[in-house]
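In case you want the letters, here they are:
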Amino acid sequence: MKTCPRCNSEKASVLASSPVKGAWELYHCPVCLFIWRSTEPESITDPQKYNPSFKVDPTDIPKAAHVPVIPPLRRN
């Protein structure tokens, strides 16, 4: 398990790995749904350096507004 940079959850795990061993890993947080690559800068991968403006409080997630459905395309 890995710490999510966005919500600080300890539940993040490897989602995928590079076919070239050790080149990169893709991580996924099941709490806030954030996905990041191991090759990103520390400002994305390190929870201490992640921009506080983009941090998510896991207790706020259930209260988040749902995204509305995209309406059908109008035909002229």
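Here the residue index of a chain counts from 1 through its sequence in written order. Local features in this predicted model are restricted to residues of pLDDT 70 or higher, and side-chain atom pairs are both shown and tallied only at a pLDDT of 80 or more, whereas totals for entire chains, interfaces and linings draw on every residue. Side-chain measures were taken over the full set of non-hydrogen atoms in the model, leaving aside hydrogen atoms and water.

As recorded in an unreviewed UniProt entry, the protein chain goes by the name Phenolic acid decarboxylase subunit D, listed as coming from Paenibacillus macerans.

A. Representation of the pattern of salt bridges in the model. Whenever Lys or Arg places a side-chain nitrogen within 4 Å of a carboxyl oxygen from Asp or Glu, that contact is recorded as a salt bridge. A full pass over the atoms with the stated rule returns 3 salt bridges. Between Arg37 and Glu40 there is a salt bridge, with the nearest N and O atoms lying 3.4 Å from each other. A simple rule labels every residue: compare its accessible area, found with a 1.4 Å probe on the protein chains alone, to the largest value its type can have, and call it buried under 20%, exposed over 50%, or partly exposed in between. Among the residues examined, Arg37 registers a relative accessible area of 41% and is labelled partly exposed. Residue Glu40 is classed as partly exposed on the basis of its relative accessible area of 22%. With a shortest N-O distance of 3.3 Å, Asp60 and Lys63 are connected by a salt bridge. A relative accessible area of 39% places Asp60 in the partly exposed class.

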